[in-house]
Amino acid sequence: QVRLVETGGGSVQAGGSLRLSCAATGRTFSYHVMGWFRQAPGKQRELVAFITSSGSTNYADSVKGRFTISRDNGKDTVYLQMNSLKPEDTAVYYCADDGEFGSDYYYPTYWGQGTQVTVSS
């Protein structure tokens, strides 16, 4: 079965950067769409970004220009480079794998356990 493990979370001051990684195991090929979601305390889980098997990327408006999603199919890993972090970026970030997507939506099949990102003022 597919398992996703996120790493790279932590605490950072506003304006700082973090890079999240998510390694997928348990599947034959790494050609599926993958992405990142986040959930802040008291908030619904929201889509941050996703990347297709061909490398096309999509971002939430709130992170455009600050976050970059990328992937390494050879390592079956997806990354989220987060720059110019803001306190409102504070959330648990979840890696997502496979599923259905369109121009502005993504419904994953598999989820990681989440990694905490805390941005202080």
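What you see is a predicted model; the values in this text were computed from it and never measured.

### Concerning the overall build of the protein
Next, step 1: When helices and strands are counted, the protein shows zero helices and 13 strands.
Next, step 2: Along the protein, helices and strands appear, N-terminal first, in the series β-β-β-β-β-β-β-β-β-β-β-β-β.
Next, step 3: Its C-alpha atoms give the protein principal-axis dimensions of about 45 × 25 × 25 Å.
Next, step 4: Counting across all 121 residues of the protein, residues that qualify as buried make up 42%.
Next, step 5: When contacts within the protein are restricted to residue pairs at least 6 apart in sequence, those whose partners lie at least 24 apart make up 56%.
Next, step 6: For the protein, the accessible surface area stands at approximately 6,400 Å², while carbon and sulfur atoms represent 46% of it.

### Some remarks on the nonpolar core
Next, step 1: In this structure, Trp36, Val48, Phe67, Val78, Leu80, Met82 and Tyr93 are the most contacted members of the largest nonpolar core, which totals 25 residues.
Next, step 2: Among the secondary structure elements, those contributing two or more residues to this core are strand 3 (18-25), strand 4 (34-39), strand 5 (46-51), strand 7 (67-72), strand 8 (77-82), strand 9 (91-97) and strand 13 (115-120).
Next, step 3: Element by element, the count of residues in this core is highest for strand 3, at four residues.
Next, step 4: Among the nonpolar cores identified, the runner-up in size contains five residues, and Val33, Phe37, Phe50 and Tyr106 belong to it.

### Here's the deal with the pattern of salt bridges
Next, step 1: Taken as a whole and assessed by the stated rule, the structure comprises four salt bridges.
Next, step 2: Among the ionic pairs, Glu46 bridges to Arg38, the shortest N-O distance being 2.7 Å.
Next, step 3: The exposure class of Arg38 is buried, given its relative accessible area of 5%.
Next, step 4: What you see here is one network of salt bridges that share partners, running through Arg38, Glu46, Arg66 and Asp89.

### Comments concerning the sheet that holds strand 3
Next, step 1: What the four strands build is an open sheet, ordered 1-3-8-7; its pairing is antiparallel. Looking at strand neighbours, the two that pair on one side only are strand 1 (3-7) and strand 7, the edges of this open sheet. Here the average twist between neighbouring strands, direction ignored, is 15°.

### Examining the environment of Phe37
Next, step 1: Of note, Phe37 is situated in strand 4.
Next, step 2: By relative accessible area, Phe37 is classed as buried at 6%.
Next, step 3: Counting along the chain gives 12 residues from Phe37 to Ala49, while the straight-line C-alpha distance between them is 7.0 Å.
Next, step 4: With residues near it in sequence (within four places) discarded, Phe37 still touches Arg45, Glu46, Leu47, Val48, Val92, Tyr93, Tyr94, Ala96, Tyr106, Pro108 and Trp111.

### A closer look at the side chain of Arg71
Next, step 1: Note that Arg71 resides in strand 7.
Next, step 2: Within the buried core, Arg71 has no salt-bridge partner, and the shortest N-O distance to an opposite charge, that of Asp76, equals 5.4 Å.
Next, step 3: A polar contact is formed between the side chain of Arg71 and the backbone oxygen of His32, at a distance of 2.7 Å.
Next, step 4: A distance of 3.2 Å separates a polar side-chain atom of Arg71 from the backbone oxygen of Ile51.

What counts, and at which threshold
Residues numbered from 1 in each chain as written. Predicted model: local features only at pLDDT ≥ 70, side-chain atom pairs only at ≥ 80, totals over all residues. Heavy atoms only, no water. Helix = DSSP H or I, 4+ residues; strand = E, 2+ residues; numbered from the N terminus. Buried < 20%, exposed > 50% of the residue type's maximum accessible area, 1.4 Å probe, protein only. Contact = heavy atoms within 4.5 Å. Areas by Shrake-Rupley, 256 points an atom, 1.4 Å probe, with all protein chains shown as cover. Core = buried A, V, L, I, M, F, W, Y, C linked by side-chain atoms within 4.5 Å. Salt bridge = Lys/Arg side-chain N within 4 Å of Asp/Glu carboxyl O. Pairing = 2+ DSSP bridges. Axes fitted to C-alpha atoms, helices over the stretch in contact; angles between N-to-C directions. Lys, Arg positive; Asp, Glu negative; His and termini not counted. Polar contact = N/O pair within 3.5 Å; in protein donor to acceptor, adjacent residues only side chain to side chain.

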